[in-house]
Amino acid sequence: MDSTGKTATSFYRREVRQQRRRNEANKRKMHSTQPHTKFKTGSPTGPVIILLSELHLCPRYFPLRICEQPLHFSAVEVEMWRSLLRAVTSAPVKSSLIPTTIAATNSQASQLTSSRTFAVKKAKSSGPKAGNKKAQPKSKADAKTKSKQEEVAGSSVDDAVHDLISDERNRRRLLDEDERDKSLDIGPNGRPLFTSAASLSELSRKDACTYMKFSRKKLEMVLPERLPVGMEKEFDESMRDALLVRHSFLDLRDNFRRIVDPPLQSSNVKGLSVQKQIVLDGPVSCGKSIALAMLVHWARDEGWLVLYVPEGRSWTHGGLFYKNPQTGLWDTPVQAANILQDFLKYNESSLMKLPCKIFDPIPLGEGAGVGRMKDADSMSMPEGSTLYDLIQTGITTTHASVGVVVRLREELSLVKDIPVLFAIDQYNSWFTFTEFEEPVTVRSCRPIHAKELATVNAFRSMMHDNMMVGAFSHSTAVGKLRKDLPDVPTNARVIFPRYTLEEAAVVSHYYLRQRLIRREAFSEEGWKKLYFLSNGNGSEMRWLLPFMR
């Protein structure tokens, strides 16, 4: 390199160093100017200087430009300003989580509150490197502020939950005290709010639009398979194990009662015509599952043999599935074993008395995760076996569980000693596709329809002479089914109604009795508005009535 090149390089480096020095000097100047902005105060002993950093002022509320001119204060004023400013700047930031309380009792000391969190969706970062990375705090102060905000938000939610629990305890205590006051058990038009009938069999048309008290322990004994979700929610939110006796349930019960005992027909019975196969359809939350469970309760109290399926969707979802080459259908051994165990829970004593009438060999399939048997394709039941023995064989032998379920359906159709009822909830899930798929090619699969499952195929059809009730569940539905279903009689579908105005009046007075509504806010005009707003939907009315003002 010649001398001219060296001179140019040294000149460039010198300019760069000078520019760096000027930048550092400007930074030091700005840094020294901001912290040393002072309040100058006069006092008998001399000037008192207060640094902004000493006051811990937040630049958001106290910008530095307000201190451009010296301010003169006395010593007392200085202490006053110092305490005032510290109190303001140390105030906690309000949380964005707003708990909403809902008054639900007529006592000023105790109110039913519910916490609802309103969250605001965060806007996406517009920066080019935002991606999926979380935003990092710019400094330690920002991180501390954020942590304090999260602590305040968490504490507010905890306080709301604590208030909710305490209010529930107070409400339960007040309800226990109300049990002594029988004057509260009065419904609309001075009618009794609760029926005096001791069982579902004793209910008459005069007991319609009243509430019947139950014991949850006894319900779980009569319905060991599972209580409907809507029934459990009703019990929990009303804090009483009671259900409304509806005209639609009495029609359903009397229909099957007249099938078994025709002389019980009376002239004042209206509603459903006598038919052995019924499909309960209707809007969401109109009470189909609860009515089906009450029908099963009544039938078992009468000594019937009832196969109750509270979740028909569980037959088509979950577990293992294999294709049986003998039948061409798909076996689900896990579900089959659960079906047999549930059926045995309540009916064990009755099944011990019923002998098997079919002794053909039961085909064996693949077991749950163990494959097929090498030396046997079928098994036979010994003579003198009962239906209890048949079910125990399916439970203990996983290869025979699906075959036993199919055989059980055939055996139950031959039972004549006692009435037999099939009650299937979520019946519409047996007319759609399952979650199982059959590989077709390396990259494609075919969804398996519910009718291709051996268990569903055995129980789905209503083209027989047995009593059977299927209830649709629109909360688990994947689509609307056609009106004419395969293997179902054309007149089997019955529309189950929502609350009528008379039933809604009783329901409103019942929730008032259970302190879901404040007594001073309750009015006929108010509950009617909510009734028409919810269109008679039971769960929506239960949710809206506490908002009555």
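Small disclaimer: the values here were computed from a predicted structure and weren't measured. (Residues numbered from 1 in each chain as written. Predicted model: local features only at pLDDT ≥ 70, side-chain atom pairs only at ≥ 80, totals over all residues. Heavy atoms only, no water.)

**A word on the overall build of the protein**
Scanning the protein for helices and strands turns up 15 helices and 15 strands. Within the protein, the fraction of its 549 residues that count as buried is 40%. Within the protein, residue pairs in contact and separated by at least 24 positions form 70% of the contacts whose partners lie at least 6 positions apart. Of the roughly 31700 Å² of accessible surface on the protein, 54% is carried by carbon and sulfur atoms. (Helix = DSSP H or I, 4+ residues; strand = E, 2+ residues; numbered from the N terminus. Buried < 20%, exposed > 50% of the residue type's maximum accessible area, 1.4 Å probe, protein only. Contact = heavy atoms within 4.5 Å. Areas by Shrake-Rupley, 256 points an atom, 1.4 Å probe, with all protein chains shown as cover.)

**Considerations on helix α7 (residues 247-260)**
A rise of 1.5 Å per residue sets the reference length of α7, with its 14 residues, at 20 Å; its end C-alpha atoms lie 20 Å apart and thus fit the reference within 8%. Burial analysis of α7 places 12 of its 14 residues in the buried class, which makes it a mostly covered element. Of all the residues in α7, the buried ones are Ser248, Phe249, Leu250, Asp251, Leu252, Arg253, Asp254, Asn255, Phe256, Arg257, Arg258 and Ile259. Where α7 is buried, its residues meet β4 (242-245), β5 (277-281), α8 (288-301), β11 (420-425) and β14 (467-471). (Expected span 1.5 Å × (residues − 1).)

**Structural notes on the nonpolar core**
If you look at the biggest cluster of nonpolar residues, it comprises 47 residues, and the most contacted ones within it are Leu412 and Tyr427. Going through the elements one at a time, β6 (305-309), α9 (333-351), α10 (387-396), α11 (401-412), β11 and α12 (454-459) are the ones with two or more residues in this core. For this core, the element with the highest residue contribution is α9, accounting for six residues. Leave out the neighbours within four places in its chain, and Leu412 touches Leu305, Leu307, Phe343, Leu387, Val420 and Phe422. Core analysis: the next-biggest nonpolar cluster, separate from the first, contains 39 residues, Leu200, Phe235, Met467 and Phe496 among them. (Core = buried A, V, L, I, M, F, W, Y, C linked by side-chain atoms within 4.5 Å.)

**Remarks on unusual backbone geometry**
The phi angle at Met239 is positive, at roughly 60°, despite the residue not being glycine. Positionally, Met239 belongs in the loop between α6 (229-238) and β4. A relative accessible area of 15% places Met239 in the buried class. You will see that Asp487, though not glycine, has its phi angle at about 65°, which is positive. You can see Asp487 is positioned in the loop between β14 and β15 (493-495). Among the residues examined, Asp487 registers a relative accessible area of 36% and is labelled partly exposed.

**Topic: a positive patch on the surface**
Among the surface-exposed residues, Arg13, Arg14, Arg17 and Arg21 lie close enough to one another that they form a single positively charged patch. Along the chain, Arg13 falls in helix α1 (residues 3-33). On the basis of relative accessible area, Arg13 is assigned to the exposed category, the value being 53%. (Patch = residues over 30% accessible without salt bridge, like charges linked within 9 Å, V, L, I, M, F, W, Y side chains within 5 Å. Salt bridge = Lys/Arg side-chain N within 4 Å of Asp/Glu carboxyl O. Lys, Arg positive; Asp, Glu negative; His and termini not counted. Charge placed at Lys NZ, Arg CZ, Asp CG, Glu CD.)

**Let's talk about the pattern of salt bridges**
Under the defined criterion, the tally for this structure stands at 26 salt bridges. Notably, a salt bridge pairs Arg515 with Asp178, separated by 2.9 Å at the nearest N-O pair. Pair noted here: Arg515 is in the loop between α13 (501-513) and α14 (524-534) and Asp178 is in helix α4 (residues 140-178), with a separation of 337 residues, a long-range link. Overall, Asp178 belongs to the buried group, its relative accessible area being 11%. Note that Asp254 is salt-bridged to Arg253, the shortest N-O span being 2.9 Å. With respect to class, Asp254 is no different from Arg253; both count as buried. A cluster of three or more residues bridged by salt bridges with shared partners is formed by Glu179, Asp185, Arg240 and Arg513.

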